[in-house]
Structure formats: structure tokens, C-alpha cells
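Coordinate inspection notes
Here is how the chains run, residue by residue.
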Amino acid sequence: MSAFDLPWLVADIGGTNARFGLVTSLGARPSHVAVLAGADYATLSEAVTAYLAEHAGGVRPGAACLALAGPIDGDRYRLTNSAWSGSVHDLGIPYVRLLNDFEALAVSLPHLDGDDLVSLGGPELGYGVKAVLGPGTGLGVGGLVPTEHGWTPIPGEGGHVTVPVVDRRELEIVRVLQAQGLPHVVAEHVLSGPGLVRLHRALAQVNGVSAPELNASDIAARLDDSLCAETIEVFCGMLGSFAGNVALTLGARGGVYLGGGVLPRIVERVRTSSFRTRFAANPDMAAYLAAIGTALIVAPQPALTGAAAWLSQRARRELVG
């Protein structure tokens, strides 16, 4: 077997779960998708072996593209919230490419349509530079640039920029967080799953009320709790300002896409929030931002779609070359 012989293995590896799929023909979306609990396997190699044996009929892939939530250094990886680390050479697959998880999500964007997306306002998503961002365990940011050779992803660490603050309430929230031990509050500190918990706690202090300790899922689910509802509204508003900043930084006239694990749980609340208003509220660039479409990704495994698209694009280049 040689590199790029089908089928191909694609994966989205996080700190908790490892999602796998197979690409059986050039340009196809992944099939045989399975989710394995990372804690059940000592290494990534063991998880790959188990997936291929138990969910993929024992096939031997000619290539693989793995999206990982952690730092990548050439052929080596280390997950941020898992003990898994090592080299792609451990997998025994002829060709393996490692991508940051939001790099893979960025590559998926041109391949998402219809029921994969929910509009959050603005015109239709178009051709041109695209941006993707999303709150989950952290706050991921990536970009996608069209070139003569296809789409090129841009990885980054945009979640660690200074938190966007535009009104007095948000300034008071930041001051509370600083007093609690975060001298430099970055966007990820509030625009993430753990950030939603910080935001809820800080907002209670700003409002001078007591509140129970809730996790992010509880905060999102309590529709009749006024503090939880206010927390979600502040979260969506600040996310709108952050998304507008990302759009301006990348020149993302092809659209801004929202992913991550938090937002698909609160789709309607994001749609009816101040997200879009705040997105376009920059006084100097309001018209520029108003002309950019925004959408929420609700596809079940978009990073797998991105990994498959990356391999297809690379394989086509190899065939032409």
C-alpha cells in the first residue's frame, strides 16, 4: 500500500472524545463515523487500531488526516487536555497529516451548506476569505484563504486576544474577574464553556445577588432564571464584538462561521440575541461588517469533513503533479 491509496482515515481528536471516519472515494464525505472515549485507550495508536478493527472492517488506510486539540510540531502532537502525545510514525499509515482542530474546521467551510448551517444575519455567505471561531473548552479561531491551488487554512491563537468590552456592565465584569485573579482578561476567559461559568459568577457579583454554582450546560438550560438569561445575553453580545474583530482582522468578506461545542446547544438564543447587532457595531467599519454574512455550524462532525477535504485537495495535487 502507498500514500493516498483509498480508503483514508480522518479524525477529530479532543481531550475527551476521539471521532473517526473513513473516506472511501475522492471528494466523499466521511462514512463509518464512530466516537471513542479517549479515557478507554492509553495512546492514540491504540484508539486508531480499535476503530479500524471494530468500526471499519479492519481496512488499512493509505493516508490519514488528524485534527487535534493541542499543539502540533511537525510530525509530533500533544493534546492539551489529554495524556496522548507522540509521533504520526507510531500509527503505521503511509501518509499522515496533522492539523489543529480549528484548521480542519476552517477547511470544512466551503463544503458546508443547507442544513449544516443556521444563518445569524447578513447577506449570503460568499467566495473570499472566511473566518471561523467557536467557544468550547477554549475559544478557537481560524481562517481560510482562496488561492490558485485551492483553499489554504490559517491557524491562530485569536482566542487569547484581550477581551472585547463595549459598555459599563462588561467593564464591571472584567474588573470582577481581575479582582478574582485574572489580571489580563482575554476573550477565552469569558467566551468558552468555562468562561460562561466565570461570566455567570461575575455577573452575580456585579448585580449584587447570590447565585448557585452552575456548570455551562445548566446555565444554558435554565431559560426561566433571570441571571442565567442575562449571562447568555452578555455572552452572545461579547461574542458578536469578538467575531466582528476577527472579521476585520482577516478581511473575512467570504463570511464568518461559528463552531465549537457551546453554541449548537443554544441556537435560537444566539439568533435572537444582540450577536449580529454587536458584530456590525464598529462605528468606523459598520458598512463593511454589515456586508459580511454570519452563520452557525450545526453539522454533526464538521472537523471530519475538513480533514477529508484537506486530503482530497492534497491527493488531487499529487495526481496532477
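Structural notes, computed from the coordinates. As the structure is a computational prediction, the values presented were derived from the model and not from experiment. (Residues numbered from 1 in each chain as written. Predicted model: local features only at pLDDT ≥ 70, side-chain atom pairs only at ≥ 80, totals over all residues. Heavy atoms only, no water.)

**Examining the nonpolar core**
If you look at the biggest cluster of nonpolar residues, it comprises 52 residues, and the most contacted ones within it are Leu133, Leu191, Val256 and Leu258. In terms of residue count, the dominant contributor to this core is helix α6 (residues 226-250) (12 residues). Beyond its immediate sequence surroundings of up to four residues, Leu258 is in contact with Leu120, Leu133, Leu239, Leu263, Phe275, Ala295, Leu296 and Ile297. Ranked by size, the runner-up nonpolar core spans 32 residues in total, among them Val23, Tyr95, Ala104 and Val132. (Core = buried A, V, L, I, M, F, W, Y, C linked by side-chain atoms within 4.5 Å. Buried < 20%, exposed > 50% of the residue type's maximum accessible area, 1.4 Å probe, protein only. Helix = DSSP H or I, 4+ residues; strand = E, 2+ residues; numbered from the N terminus. Contact = heavy atoms within 4.5 Å.)

**Re the pattern of salt bridges**
Following the criterion strictly, the structure yields 6 salt bridges and no others. The salt bridge involving Glu172 is made with Arg168; its shortest N-O contact spans 3.5 Å. With Glu172 and Arg168 both in helix α3 (residues 168-179), this residue pair falls 4 residues apart, about one helical turn. Looking at Glu172, the relative accessible area reads 28%, which means it is partly exposed. Taking relative accessible area as the criterion, Arg168 reaches 67% and is therefore assigned exposed. Put simply, Arg169 and Glu230 hold a salt bridge, and the shortest N to O gap is 2.8 Å. Of this pair, Arg169 sits in helix α3 while Glu230 sits in helix α6; the two residues are 61 residues apart in sequence, bridging distant segments of the chain. Judged by its relative accessible area of 32%, Arg169 is partly exposed. Looking at Glu230, the relative accessible area reads 22%, which means it is partly exposed. (Salt bridge = Lys/Arg side-chain N within 4 Å of Asp/Glu carboxyl O.)

**With respect to the sheet that holds strand β4 (residues 63-68)**
Taken together, the 5 strands give an open sheet; going across it, the order is β3-β2-β1-β4-β8, and neighbouring strands pair in mixed fashion. Both edges of this open sheet fall to β3 (31-37) and β8 (95-100), since each of them pairs with a single strand only. Strand-to-strand twist across the sheet, computed as the mean angle between neighbouring axes with direction ignored, equals 15°. Pairing of strand β1 (residues 8-13) with strand β2 (residues 17-23), which is carried by 6 bridges, proceeds in the antiparallel orientation. Residue Asp12 lies in a different strand from β2, and its bridge partner there is Arg19. The strands that helix α1 (residues 44-55) touches are β1, β2, β3 and β4; relative to β3, the one it contacts most, it runs at about 135°. (Pairing = 2+ DSSP bridges. Axes fitted to C-alpha atoms, helices over the stretch in contact; angles between N-to-C directions.)

**Topic: the packing of aromatic side chains**
By the definition in use, this model includes 3 aromatic pairs. Arranged with centres 6.3 Å apart and planes meeting at 25°, the rings of Phe275 and Phe279 form a pair that is stacked. Linking Phe275 with Phe279, this pair stays in helix α8 (residues 275-279), spanning 4 residues, or about one helical turn. Accessibility expressed as a relative area gives 1% for Phe279, which makes it buried. (Phe/Tyr/Trp six-rings, centres within 6.5 Å; stacked < 30°, edge-to-face > 60°.)

**Observations concerning the pairing of β4**
Burial of β4 is extensive: 6 of the 6 residues sit out of reach of the surface. Neither face of β4 is exposed, since Ala63, Cys65 and Ala67 on one face and Ala64, Leu66 and Leu68 on the opposite face are all buried. Summarising the sheet, β1 and β4 pair through 6 bridges and their orientation is parallel. Across the sheet, Ala11 pairs through a bridge with Leu66, a residue of β4. Judged from the 6 bridges that link them, β4 and β8 form a sheet pairing that is parallel.

Scope: geometric values only; no functional claims are made or implied.
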